[in-house]
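# Fold and contact review
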Amino acid sequence: MATDAMEIDDALYSRQRYVLGDTAMQKMAQSHVFLSGMGGLGVEIAKNIVLAGIKALTIHDSKQCRTWDLGTNFFVREDDVLNLRNRAEATLHHIAELNPYVQVMSSTDPLNETTDISFLRQYQCVIVTEMKLSQQKKMNDFCHAQNPPIKFISADVYGIWARLFCDFGDEFEVLDTTGEEPKEIFISNITQSNPGIITCLDNNPHKLETGQFVTFREINGMSCLNGSTHQITVVSPHSFSIGNTEDMEPYLHGGIAVQVKTPKVFHFEKLAKQLMNPTCLVADFSKPEAPLQIHIAMLALNHFQESYARMPNIGCLQDAEEMLKIALSLSETLEGKPQVNKDLVKWLARMAQGSIAPLTAALGGVASQEVLKAVTGKFSPLQQWLYLDALELVTSLEKSSREEFLPRGDKYDALRACIGDSLCQKLRSLNVFLVGCGAIGCEMLKNFALLGVGTDRERGLVTITDPDLIEKSNLNRQFLFRPRHIQMPKSCTAAAATLSINPQMKIDPYLNKVCPATENIYSDDFYNKQDVVVTALDNVEARRYIDSRCLANLRPLLDSGTMGTKGHTEVIVPHLTESYNSHRDPPEEEIPFCTLKSFPAATEHTIQWARDKFESAFSHKPSLFNKFWQTYPSAEEVLQRIKSGESLEGSFQVIKCLSRRPKSWPQCVELARLKFEKYFNHKALQLLHSFPLDTRLKDGSLFWQSPKRPPFPIQFDFNDPLHYNFILSTAKLFAVVYCIPFTEKDMSEETIFKVISRVKIQEFQPSNKVVQTDETVRKPDPIPVSSEDERNAVLQLETAILASETTRNYLQMKELAFEKDDDSNGHIDFITAASNLRAKMYNIEPADRLKTKRIAGKIIPAIATSTAAVSGLVALELIKVVGGYPFQAYKNCFFNLAIPIIVFTETAEVRRTEIRNGISFTIWDRWTVHGKDDFTLSDFMNAVKEKYGIEPTMVVQGVKMLYVPVMPGHVKRLKLTMQKLVKPSADKKYVDLTVSFAPETDGEEDLPGPPVRYYFTHGN
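Predicted model only: the values in this text are computed from it and were never measured.

Each helix and strand counted, the chain has 30 helices and 32 strands in total. On C-alpha atoms alone, the chain measures out to a radius of gyration of 34 Å, which is about the 31 Å that the 2.2 N^0.38 rule sets for 1020 residues. Summarising its shape, the C-alpha atoms of the chain cover approximately 100 × 85 × 65 Å along the three principal directions. Counting across all 1020 residues of the chain, residues that qualify as buried make up 55%. For the chain, long-range pairs separated by at least 24 residues make up 72% of all intrachain contacts whose partners lie at least 6 apart in sequence. As presented, the chain carries roughly 45700 Å² of accessible surface, and 51% of it is formed by carbon and sulfur atoms. One way to put it: in the chain the 112 positive side-chain charges average out to a point 3 Å from where the 124 negative ones average out.

We now examine the environment of A390. Checked against the element boundaries, A390 lands in the loop between β17 (385–389) and α12 (413–419). Expressed as a C-alpha distance, the spacing of A390 and T603, which sit 213 residues apart in the sequence, is 45 Å. Those residues in contact with A390 that lie beyond four places of it in its chain are I160 and L876.

Strands sit in the order β3-β2-β1-β4-β5-β6-β17-β16 across an open sheet of eight strands; the sheet is mixed. Only two strands of the sheet have a single partner each, and these edge strands are β3 (103–107) and β16 (280–281). Running at roughly 95° to strand β6 (residues 161–167), helix α10 (residues 342–351) makes contact with β5 (151–158) and β6 of the sheet.

A few words now on the confidence of the model for the chain. Model confidence for the chain is summarised by a mean pLDDT of 93, while 98% of its residues fall at 70 or above. For residues 1–5, every residue scores under 50 in pLDDT, and the model assigns this stretch eleven contacts once sequence neighbours within four places are set aside.

Following N194, the chain continues to P195 via a peptide bond in cis, the omega torsion being 0°. Among the structural elements, P195 can be located in the loop between β8 (184–190) and β9 (197–200). Cis geometry is found at the peptide bond from I899 to P900, where omega equals -15°. Checked against the element boundaries, P900 lands in the loop between β24 (891–896) and β25 (901–906). Positive phi outside glycine occurs at L84, with the angle close to 50°. Relative to the helices and strands, L84 resides in the loop between α4 (78–82) and α5 (87–96).

The next thing to look at is the packing of helix α8 (residues 290–308) against α10. Two numbers describe how α8 lies on α10: the axes approach to 9 Å, and their chain directions differ by 45°. The angle between α8 and α10 places the two elements in the oblique class. As for the relative orientation of α8 and α10, their crossing is right-handed in sense. Across the interface between the two elements, Q293, I294, A297, M298 and L301 of α8 pack against L344, V345 and L348 of α10. Taken together, the residues that form the contact of α8 with α10 break down as seven nonpolar, one polar and no charged.

Taken together, the side chains of F894, I899 and I901 present a nonpolar region at the surface, about 240 Å² in accessible area. Mapping I901 onto the fold places it in strand β25.

Glancing now at the pattern of salt bridges. If you walk through the whole model with that rule in mind, you get 60 salt bridges. Put simply, D389 and K287 hold a salt bridge, and the shortest N to O gap is 2.9 Å. Of this pair, D389 sits in strand β17 while K287 is found in the loop between β16 and α8, placing the two residues 102 residues apart along the sequence. The exposure class assigned to D389 is buried, which follows from its relative accessible area of 17%. It is possible to trace a salt-bridge network through shared partners that takes in D10, R15, R17, D22, D821 and K853.

Reading guide: rules and limits
Residues numbered from 1 in each chain as written. Predicted model: local features only at pLDDT ≥ 70, side-chain atom pairs only at ≥ 80, totals over all residues. Heavy atoms only, no water. Helix = DSSP H or I, 4+ residues; strand = E, 2+ residues; numbered from the N terminus. Rg over C-alpha atoms; globule rule 2.2 N^0.38 Å. Buried < 20%, exposed > 50% of the residue type's maximum accessible area, 1.4 Å probe, protein only. Contact = heavy atoms within 4.5 Å. Areas by Shrake-Rupley, 256 points an atom, 1.4 Å probe, with all protein chains shown as cover. Lys, Arg positive; Asp, Glu negative; His and termini not counted. Charge placed at Lys NZ, Arg CZ, Asp CG, Glu CD. Pairing = 2+ DSSP bridges. Axes fitted to C-alpha atoms, helices over the stretch in contact; angles between N-to-C directions. pLDDT = per-residue confidence, 0-100. Parallel < 35°, antiparallel > 145°, perpendicular 65-115°, else oblique. Left-handed = near helix turned anticlockwise from the far one by under 90°. Nonpolar A, V, L, I, M, F, W, Y, C, P; charged D, E, K, R; others polar. Patch = residues over 30% accessible without salt bridge, like charges linked within 9 Å, V, L, I, M, F, W, Y side chains within 5 Å. Salt bridge = Lys/Arg side-chain N within 4 Å of Asp/Glu carboxyl O.

This is the structure in structure tokens:
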């Protein structure tokens, strides 16, 4: 981003622009930030805010690198420890390398009681980590007193506890509290009453909240409401009230209510006051008392540190007792005299020196988002404390000896202080399969490196796979990649970058998708070697497939995902929890065919229409054309075969395409001009011919009323930039697919004007075509070719052959694959112009290029803050899986950092299905039967009965019914061998079958059973 010109580098920031918006991005690019403490948490925050694109960052630290830092700070190297480098100076070039648009400086001067802190005035935001509480208060007082206030953030991780505090001044104005798109609500009725009640069309939920504001447009009848803004009160999910409408004209039809975003002012108290009476965000509602208990314990820790000029010693009971005394005395001074959790205080004292990288990553993600809020005024800030903990980790450590936690002089000492050496060893010998090396994948690898996953000499391996190459837009979040890596494989590059964090790791990178086609690589043997599978994917289909493989092979699965500031994590543990496939999100609603084709009501409809037009003209038709002429290379032969009465699939469309094929750049421009007339003039005239404006339905209501909007034909105007852009972008794409060269001069306004001036436009002739109005009807199949069309095709082909226009060059086209991120290819230019012309024709609000690109490209908004938080939370669950923790220890999480909200919940406990007579199963159970070559279906059913005490009545393989007694001929199958029935491939050792059992009473459904794995031979 050239910050002087304030141009946003879309190739780099495109995914983040959809999260923050351009106004916030530009504010951010003018902000100076000061960050003190370059330990694990400091470097995490620095990484995230530099990736986001602030203007300048000063990193401050007066400590030297030590071995301990190698396990907490992913930018400290062994060489930095050997040379006793300052932590800020050691990490500076790594942080600066993350984003060439951000200026990063270091400061190594001590910050203490005697330091003049007036230098902070040059910053808009100050973040402190690893700082004494007395110094924090001093800096916070200074920041709060400035005009405007300097936004102050304090963040720390002590052992398995994390703390975040924000003070953005007495009054902090936020223009957009949620970042959500303003809601648009179609109206079906407005009452003439006090208050006036507004009902949503088709009983769709409005999703508004009392106190919000809406403005109105396109209301017929009560038109005085159009353009006015009203505060609403929710009446029901489908209706809301505004002020008095008694004296207004009666409502007739139509209208849209649009949510109006209003600024909100947040008030903050200083740190000194908040320490005595904290305002906390509750993250885990199963322990609402936890934030205040951790607050007191950490306050006691800070006082211990000030009193003794040191932290409590690891595992030292004497220090723990001393800290408990401080906590009990402090509790008396706090408002409400809250209760002290003695166990928590003692654990904190024993672990406070330690640090657990995943918790640091999670807090770092949340804290970084608060920094971005501070400098942009976008989203709701944290008020004012957040406490996170991984207390569940402690439950199985209570019986561990003190020696387990003591330092051993290696990079894992900080981790060992938190989870003990035995668990550290288990992590080192872990086999883990990470699917996806994008944003979450990169963050996950960093966490693995700091935890020492896969570093044991005897056992332990991290297998990663990703089929994608690195694009520039990845660099904004996927922090292991640099500009020099563009177009290199993600997995290999990520592996090499991870080894620079921890050279002892063993990483095996693959370039394959994980799908049914690669089961020869990711076989059952492969899964059975893994201790845990971690997904870092961006689509549901892949998650479902990997979940099914983990279920079949009884492997734990850790899943996560983000969308903008939202994130989720899910833990799936064999025999304890449900699987990912146990719950299904409702499918995305498709836009009805008739809405897309004739009755768009929203920008999304016009963009999807333009995207479909792109696919049809520049991808689908060229593909059909090429396949046809590859199948029938001779035009003369095709002509003979059609004449002899043969029907060649696709011939009519292909010959029509050949006969209309442009042969020069002017012909491409002419074709574009004709398309303009067809799409934006004749289409509207035809619809108004079929349904004149005064058309009424059977019930007497108007046909053209909300959400149906009548189209208005557009008259072509060369001087209208939108019209011109459509012609230019369409002509360029036609030239590319028809392999016609063109120059800069060809694309000049002068050349295009000359061509267009000569184009003859035929007058509109209405047709009697039936226009589909039923929203439930899907896109119809192609209409069969008529005999007249066939005769025309013969004539057209004969003409082409005579004109020597059937040579090899004429019989091929270039098929375009839609690519949203290459601005030079003109794809988004065409879709933006076509969509906005259609929007204009239907009087729909147009969309700018950025929004069009997001919708047409199905881009998922993304930002590094959420990615860091989500991967940290997943890695915490990984430790529990490795430690074999009980069901109660695992937590799923959902968060939205914009609001902010963080919710931890227990995982879904696996359901047990009863068959009968005490026989039951869960999704994790798998019965097994070992057969031999002559084993029949009857033998299989008897074997199930003998081994499990219940006789199957039905056997199914996937969607293939092997045995259903009521099906004709199925009884004869009982004598067939399993080999013959299943027909396994040569390398297949088994097949998974589904069996059902007879119900206890006749007339009821058969009872389902667990999967039965049938091995074709013994000894497997």
